[in-house]
Every structure is written in C-alpha cells, then in structure tokens.
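These are the residues of each chain, in order.
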Amino acid sequence: VQDAASGRDPASGGDEGPRRRWKEEISRILGEIQAPLSPLLLRLCHWLLPKLLTRLFLGVQLHRGQLEMVLRAARTPEVPLVFLCSHQSQVDGLLLSFVLLSQGIGVPRVTVGARTSPRLRSLLQRLGGIFLPSGMAQAWSGRDEGLPGAVLDAYVQEVLRSRQPLVLFLEEPPASLRLADPARRWLLRVLRALRDGAVPDALIVPVGIAYDVAP
C-alpha cells in the first residue's frame, strides 16, 4: 500500500501533507470494502433468519459428512478457510453465513456484488459483507489497479491472517457457468496472499447451493 501511495506522487518525499492525504484516501477505500461488524445486528439477524428461512423454504438440507469435514478443517491451526461458491440466488450469502455461524465456524466475510443500494450496502457490511472498491467493479482488464488494488490486497491478507472465513461467489446470478469478473479479482488477492507468504496455506472449500425453485 505504501509503495502504491508513494507512486502517485514520488516527489512528495516525507511531507506530512501528502502522507495525511494518502491516509485519508486509504481509509476511504477501506470504508468502501468493509465496515466493523455489529454484534447487535448479528444477534438480531441470527434470531430473525430462521424465521425468514422457514417462510422461504420447506426445509434446508446439509450433507452431514461434508459438514463434519469442514468443521475439522476449521480447527486446523493458522490455516484459513476460503469457500468458493456457486451463486444461484441473492439469498445464498445469508443462507451460507447462517449455516457457518450456527455451526461455530464464525462470522464469514462474504463478497457482495456491486449492484446494491447505499443503505443495503452499509447494512451488509455490518453483517460481514465485503465489496470491491469503486472503479474495480468494472469489467476485468490488465491495467494497473493502483492504490485501490493495493488496499484490497492488504485487506484480504489481513482477513486470511486472522483466520476469518472468506466466502467468494464465482458467478453472478442468474448463474452463467462462467467465472465473473469480480470473482477473478477476489481470487487474485487470495493467490497473491499465498504467493507472498501472508499465510502458509489456505483450505479451499467448494460449496454448491441448489434450490427446487430459486427464491
């Protein structure tokens, strides 16, 4: 992040003014990505979600053997879990977050698409939702992502180091059976974290969610 910030104005040297502006810009970008979790909202949603799910679905089925494997993997010291998920419905993130939290795996950081209103975005961030910085949610290109990309790299490294579960949706609903551009950007951050040694390893968990009728 420091290199990307100084690259914007290499002549500024150790001046306090540019440093303060960089810090403000970095804080702004980080605020676009995530917000501190709200324990009150998390408890409220944990209470409301079962009621919502019983209205939406007749039942939710989990493969117990696979769930036990995930629980064992979650106990592996110093190795984070990265869930790679198909994306059938906007309910997927809420459903998967509820399952992981109810099984004691923890509150996951869940990637959310850019097409979200500001109020909903703020709410989802407090519940663990994470977003690409503005400008990076556009179509994939090989150009330098500059300071937003550097901040996103540092953020994903910190999430993995702290062993927070990370949920990446590979598609944009309705599923098109191809890797979405935002997913490419998130996956690139995970690969860079492993390449740079931010974490010694990561456990990749493929997740498939299927509905009789997608809500």
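Residues numbered from 1 in each chain as written. Predicted model: local features only at pLDDT ≥ 70, side-chain atom pairs only at ≥ 80, totals over all residues. Heavy atoms only, no water.

- Looking at an unreviewed UniProt entry, one finds the chain named GPAT2 acyltransferase, with Rhagologus leucostigma as its source organism.

1. As for the pattern of salt bridges
Item 1. Within this structure, the stated rule accounts for 7 salt bridges.
Item 2. Between Arg28 and Glu32 there is a salt bridge whose closest N-O contact spans 2.8 Å. One end of the pair, Arg28, and the other, Glu32, are both in helix α2 (residues 16–33), 4 residues apart, so they sit about a helical turn from each other.
Item 3. In this structure Glu32 comes out as buried when scored by relative accessible area, which is 17%.
Item 4. Taking the shortest distance from any N to any O, the salt bridge between Arg161 and Glu158 comes out at 3.5 Å. Of this pair, Arg161 and Glu158 are both found in helix α7 (residues 146–161), 3 residues apart, which corresponds to roughly one turn of the helix.
Item 5. A relative accessible area of 43% means that Glu158 is categorised as partly exposed.
Item 6. One salt-bridge network, held together by shared partners, links Glu25, Arg28 and Glu32. (Salt bridge = Lys/Arg side-chain N within 4 Å of Asp/Glu carboxyl O. Helix = DSSP H or I, 4+ residues; strand = E, 2+ residues; numbered from the N terminus. Buried < 20%, exposed > 50% of the residue type's maximum accessible area, 1.4 Å probe, protein only.)

2. Quick word on the packing of aromatic side chains
Item 1. Inspection of every chain in the model, using the stated rule, returns 0 aromatic pairs.
Item 2. Above the plane of the ring of Phe131 lies Arg121, whose end atom (NZ or CZ) is 4.3 Å from the centre. (Phe/Tyr/Trp six-rings, centres within 6.5 Å; stacked < 30°, edge-to-face > 60°. Lys NZ or Arg CZ within 6 Å of the ring centre and 35° of its normal.)

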